[in-house]
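# Analysis of the macromolecular model
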Amino acid sequence: GKRKRLNSSVLYDSDESEDSDILVRKVFAKRHCIMDEDESSEEQQPDKTCPTENVSANRKQKVLSKLRELARQRATWKSCSSENCEDSNAEAEIEEEPLCPSPLTPAESSETDSDSMKDFIVEEEEEDDDDDNTEAAKSENQPQQKELLNRSNSELLAYYVPQLSRCDHYVHFQRIVKAFLINAIDDTFLSSLYDGTRQKKYAQDMLLSLHYLDDRFIQPRLDNLISRSRWKDRYKERVDCYPDVRIVLKNPKFMSCQACELNRYCKFTVLLSGKLYNSRTLEMDDFMSDDKQVLKVGVVCADRTRVYHNLKHFKYKLYVDCSSMTELDGVEDEPVKDTVERLFSHLEDSGWIQKRYDDLEDYMNDADGFQEEK
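Below is a summary of the structure that appears in this document. (Residues numbered from 1 in each chain as written. Predicted model: local features only at pLDDT ≥ 70, side-chain atom pairs only at ≥ 80, totals over all residues. Heavy atoms only, no water.)

### Some details on the environment of isoleucine 226
- Topologically, isoleucine 226 is positioned in helix α5 (residues 201-227).
- Taking C-alpha positions, isoleucine 226 is 9.2 Å from arginine 304, a pair spaced 78 residues apart along the chain.
- In this structure isoleucine 226 touches Trp231, Lys236 and Tyr308, once residues within four positions along its chain are discounted. (Helix = DSSP H or I, 4+ residues; strand = E, 2+ residues; numbered from the N terminus. Contact = heavy atoms within 4.5 Å.)

This is the structure we're talking about:
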């Protein structure tokens, strides 16, 4: 259908007589555009404007007229107040100054103005200098404030949570050596540390260092070596139980590797021996002390066995060396504390402790840099 046009008026070009023979053309008038108030002229018809627009326009005019009246009143108030102030200042000056004051010459007036401006400029420069000095002082004090803040935080941490206090790795290692020297003389020292009998600060520090060695240095690297290998659980248990190992090169033979059970050219023989011991108290067990294991492995499994065994049994080997030092000392009838301090200072001066610490770092680096087998 056709589109309907609503609200349209019709205009005719000719007369509306029925007898005229002239064709009639219907013209639809366009709608009137709504114009703004400022642009509306007097020629616009009043009956075609919206009444709501007239009401809103009237309201706006009223509001504008009120605002203008308020602005005028405020302007008059300000002018009155300023005039009153000027009059009062003028009266005060008239009362204070003499009746015939000597007028200033132009040179004097210019000099006074320049002096006042100079004073003002100097004050600004001084303020800028003060700001620069304060900023420089703040920048110099920032490192000191940070250092004091870090020191206070570390002191609070060490006081309230001593287990989380920061300590150098070599300090941990020195405490472990001292604990092993004490246990070599008194074989109940380590067991009393772990069961909580000893509560003194030096004993708690030694226990913390022992846990640090096990939980931070050794065990994470051992887990990483095992997770990236194809070792069987039986082979891992054998390497864990025997503290002594020898890896010997033999004639290659294509067979199943006894570590990963994959077909390889196995040319290394792993000899495991030694007594079983407790991983905490380091007490040795004499059960099947002469037992040995001989296993044929490939190249990659042999290298992994060497790295894993060195790190796994490092603590036990260190304890054995400390025990041998106390046996070689041969001094009797001396308090345990004095003996330990004397032996510890001797080992420290000779570089023995530093050498063992370097060995531990080498073992950890080997474990960190070990590659996966392809």
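Once you've had a look at it, read on.
### Notes on the packing of aromatic side chains
- Per the counting criterion, the structure on display carries 10 aromatic pairs.
- Relative to tyrosine 357, the ring of tyrosine 170 lies with its centre 5.4 Å away and its plane at 80 degrees, an arrangement referred to as edge-to-face. Of this pair, tyrosine 170 sits in helix α3 (residues 169-185) while tyrosine 357 is found in helix α10 (residues 352-368), placing the two residues 187 residues apart along the sequence. The residues tyrosine 170 and tyrosine 357 share a single accessibility class, namely buried.
- Among the aromatic side chains, those forming a connected cluster through ring pairs are Tyr170, Phe173, Phe314, Tyr357 and Tyr363.
- Positioned over the ring face of phenylalanine 344 is lysine 178, at 4.6 Å from the centre of the ring. (Phe/Tyr/Trp six-rings, centres within 6.5 Å; stacked < 30°, edge-to-face > 60°. Buried < 20%, exposed > 50% of the residue type's maximum accessible area, 1.4 Å probe, protein only. Lys NZ or Arg CZ within 6 Å of the ring centre and 35° of its normal.)

### Topic: the pairing of strand β4 (residues 263-273)
- As paired elements, strand β3 (residues 244-256) and β4 share 10 bridges and run antiparallel to each other. Its bridge partner lying in β4, phenylalanine 254 is registered against tyrosine 265.
- The pairing of β4 with strand β7 (residues 293-297) spans five bridges and is antiparallel. Bridging from a neighbouring strand, phenylalanine 268 pairs with valine 297 of β7. (Pairing = 2+ DSSP bridges.)

### Quick look at the environment of aspartate 290
- In this fold, aspartate 290 is placed in the loop between β6 (284-285) and β7.
- Relative accessible area serves as the criterion here: at 70%, aspartate 290 is assigned to the exposed category.
- As for aspartate 290 and lysine 275, which are separated by 15 residues in sequence, their C-alpha atoms are 7.7 Å apart.

### Brief notes about the environment of aspartate 321
- Looking at where aspartate 321 falls in the secondary structure, it is placed in helix α8 (residues 314-329).
- Every residue in contact with aspartate 321, bar those within four places of it in the chain, is listed here: Trp352 and Arg356.
- For aspartate 321, the side chain forms a polar contact with the side chain of arginine 356, separated by 3.5 Å. (Polar contact = N/O pair within 3.5 Å; in protein donor to acceptor, adjacent residues only side chain to side chain.)

### Some points on the sheet that holds β3
- One open sheet holds the three strands; their spatial order is β3-β4-β7, and the pairing between them is antiparallel. Every other strand in the sheet has two partners, leaving β3 and β7 as the edge strands with one partner each. Across the sheet, the mean angle from the axis of one strand to that of its neighbour is 25 degrees, orientation sign disregarded.
- Across the sheet, helix α6 (residues 233-241) is in contact with β4 and β7; its angle to β7 comes to roughly 130 degrees. (Axes fitted to C-alpha atoms, helices over the stretch in contact; angles between N-to-C directions.)

### What to know about unusual backbone geometry
- A positive phi angle, near 60 degrees, is found at glutamate 261, a position not held by glycine.
- Relative to the assigned elements, glutamate 261 resides in the loop between β3 and β4.
- Even without being a glycine, leucine 282 presents a positive backbone phi close to 60 degrees.
- Secondary-structure assignment places leucine 282 in the loop between β5 (276-277) and β6.

### Quick notes on a nonpolar patch on the surface
- Taken together, Val63, Leu64, Leu67 and Leu70 make up a surface patch of nonpolar side chains, about 370 Å² in accessible area.
- Within the fold, leucine 64 resides in helix α1 (residues 51-96).
- You can call leucine 64 partly exposed: its relative accessible area is 45%. (Patch = residues over 30% accessible without salt bridge, like charges linked within 9 Å, V, L, I, M, F, W, Y side chains within 5 Å. Areas by Shrake-Rupley, 256 points an atom, 1.4 Å probe, with all protein chains shown as cover. Salt bridge = Lys/Arg side-chain N within 4 Å of Asp/Glu carboxyl O.)

### Notes on the packing of α3 against helix α9 (residues 336-350)
- Their axes nearest at 10 Å, the elements α3 and α9 cross at an angle of 135 degrees. With respect to their mutual orientation, α3 and α9 come out oblique. When the axes of α3 and α9 are compared, the crossing they make is right-handed. The segment α3 lies against α9, with Tyr170, Gln174, Val177, Lys178, Leu181, Ile182 and Ile185 engaging Val336, Thr339, Val340, Glu341, Leu343, Phe344, Leu347 and Glu348.
- Here the contact of α3 with α9 is composed, by residue class, of 10 nonpolar, two polar and three charged. (Parallel < 35°, antiparallel > 145°, perpendicular 65-115°, else oblique. Left-handed = near helix turned anticlockwise from the far one by under 90°. Nonpolar A, V, L, I, M, F, W, Y, C, P; charged D, E, K, R; others polar.)

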